[in-house]
Amino acid sequence: QKEVEQNSGPLSVPEGAIASLNCTYSDRGSQSFFWYRQYSGKSPELIMFIYSNGDKEDGRFTAQLNKASQYVSLLIRDSQPSDSATYLCAGAGGTSYGKLTFGQGTILTVHP
Amino acid sequence: DVKVTQSSRYLVKRTGEKVFLECVQDMDHENMFWYRQDPGLGLRLIYFSYDVKMKEKGDIPEGYSVSREKKERFSLILESASTNQTSMYLCASSLGSGSGNTIYFGEGSWLTVV
């Protein structure tokens with residue numbers, strides 16, 4: 001069983017809609033979770049991280065964490081074509097040296 | 001801004017060659033990582049280092065070695081390149097130990113082994 005799982009998609013949403021990206025994890029020791037965005041041919045760039053249960057908002061992005069359900073999500077409001085990318089979810093355990101375990105990524109396409 | 005620099009962006013090597021991938025970070029980060037990324041397999045950790053001269057195996061260390069002689073520099077070595085090592089290699093760094101430390105990636109090195 002993969003430690004961090006994502007639906008690979010592709011997920012297609014119309015411009016202006018809310019895109020919802022989901023991630024589950026199996027390691028209950030994971031304490032922090034990260035969302036990265038990766039454009040084709042580029043390296044991943046951090047969108048945001050979350051370590052407390054509940055919601056965390058940053059501009060059009062909201063990360064949600066539910067440790068009881070071992071579930072992390074990323075909502076993108078007012079989706080734009082420039083949001084079209086692969087979104088990677090990653091979890092960090094409590095002991096290792098900032099080592100992240102990544103999901104396979106969800107491909108998001110925002111169509112005009 | 002954090003800068004992680006991978007000096008070789010695109011390489012083509014022959015089977016059996018020794019390959020060095022170099023990575024330098026300028027933020028005095030303790031941790032450095034090497035990942036490879038393949039379609040359908042996502043990002044997989046090869047090796048990481050949490051201090052100078054310290055290293056630990058990741059999920060797929062076979063066929064690779066690493067060197068960290070200075071804090072800012074972390075090298076990935078393919079002792080004898082094989083075609084199944086054709087991939088994009090990503091170097092990354094983070095500040096310190098424990099969770100909650102953001103990993104910053106370099107731009108990636110595309111390696112083709114023929």
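The model shown is predicted, which means the values in this text are computed figures rather than measured ones.

**With respect to the interface of chain A and chain B**
Link 1 in the chain: Counting residues at the interface gives 22 residues for chain A and 27 residues for chain B.
Link 2 in the chain: For the pair chain A and chain B, the summed buried area comes to about 1800 Å², and 59% of that belongs to carbon and sulfur atoms.
Link 3 in the chain: In this structure, the connection of chain A to chain B is made through five residue pairs in polar contact (both at pLDDT 80 or more).
Link 4 in the chain: Elements that contribute at least two residues to the side of chain A that touches chain B include exactly strand E4 (30–38), strand E5 (45–50), strand E9 (85–93) and strand E10 (100–102) of chain A.
Link 5 in the chain: At five residues, the largest contribution of residues to the side of chain A that touches chain B is made by E4 of chain A.
Link 6 in the chain: When grouped by side-chain class, the residues that make up the side of chain A that touches chain B number 10 nonpolar, 10 polar and two charged.

**As for the layout of surface pockets**
Link 1 in the chain: In this structure, the largest pocket encloses a volume near 480 Å³.
Link 2 in the chain: Along the walls of the largest pocket sit 22 residues, with Gln38 and Thr86 of chain A together with Gln37, Asp38 and Pro39 of chain B positioned nearest its centre.
Link 3 in the chain: When residues of the lining of the largest pocket are traced back to their parent elements, those giving at least two are E9 and strand E11 (106–111) of chain A together with strand E4 (31–38) and strand E9 (87–94) of chain B.
Link 4 in the chain: Taken together, the residues of the lining of the largest pocket break down into eight nonpolar, 12 polar and two charged.

The rules behind the values
Residues numbered from 1 in each chain as written. Chains lettered and ligands numbered in written order. Predicted model: local features only at pLDDT ≥ 70, side-chain atom pairs only at ≥ 80, totals over all residues. Heavy atoms only, no water. Contact = heavy atoms within 4.5 Å. Buried area = accessible area lost by both parts, 1.4 Å probe. Polar contact = N/O pair within 3.5 Å; in protein donor to acceptor, adjacent residues only side chain to side chain. Helix = DSSP H or I, 4+ residues; strand = E, 2+ residues; numbered from the N terminus. Nonpolar A, V, L, I, M, F, W, Y, C, P; charged D, E, K, R; others polar. 1 Å grid on protein atoms, 1.4 Å probe; cavity = no way out; pocket = protein on both sides within 12 Å on 5 of 7 lines; lining within 4 Å. Points joined across faces, edges and corners; volume = space filled by probe spheres on them.

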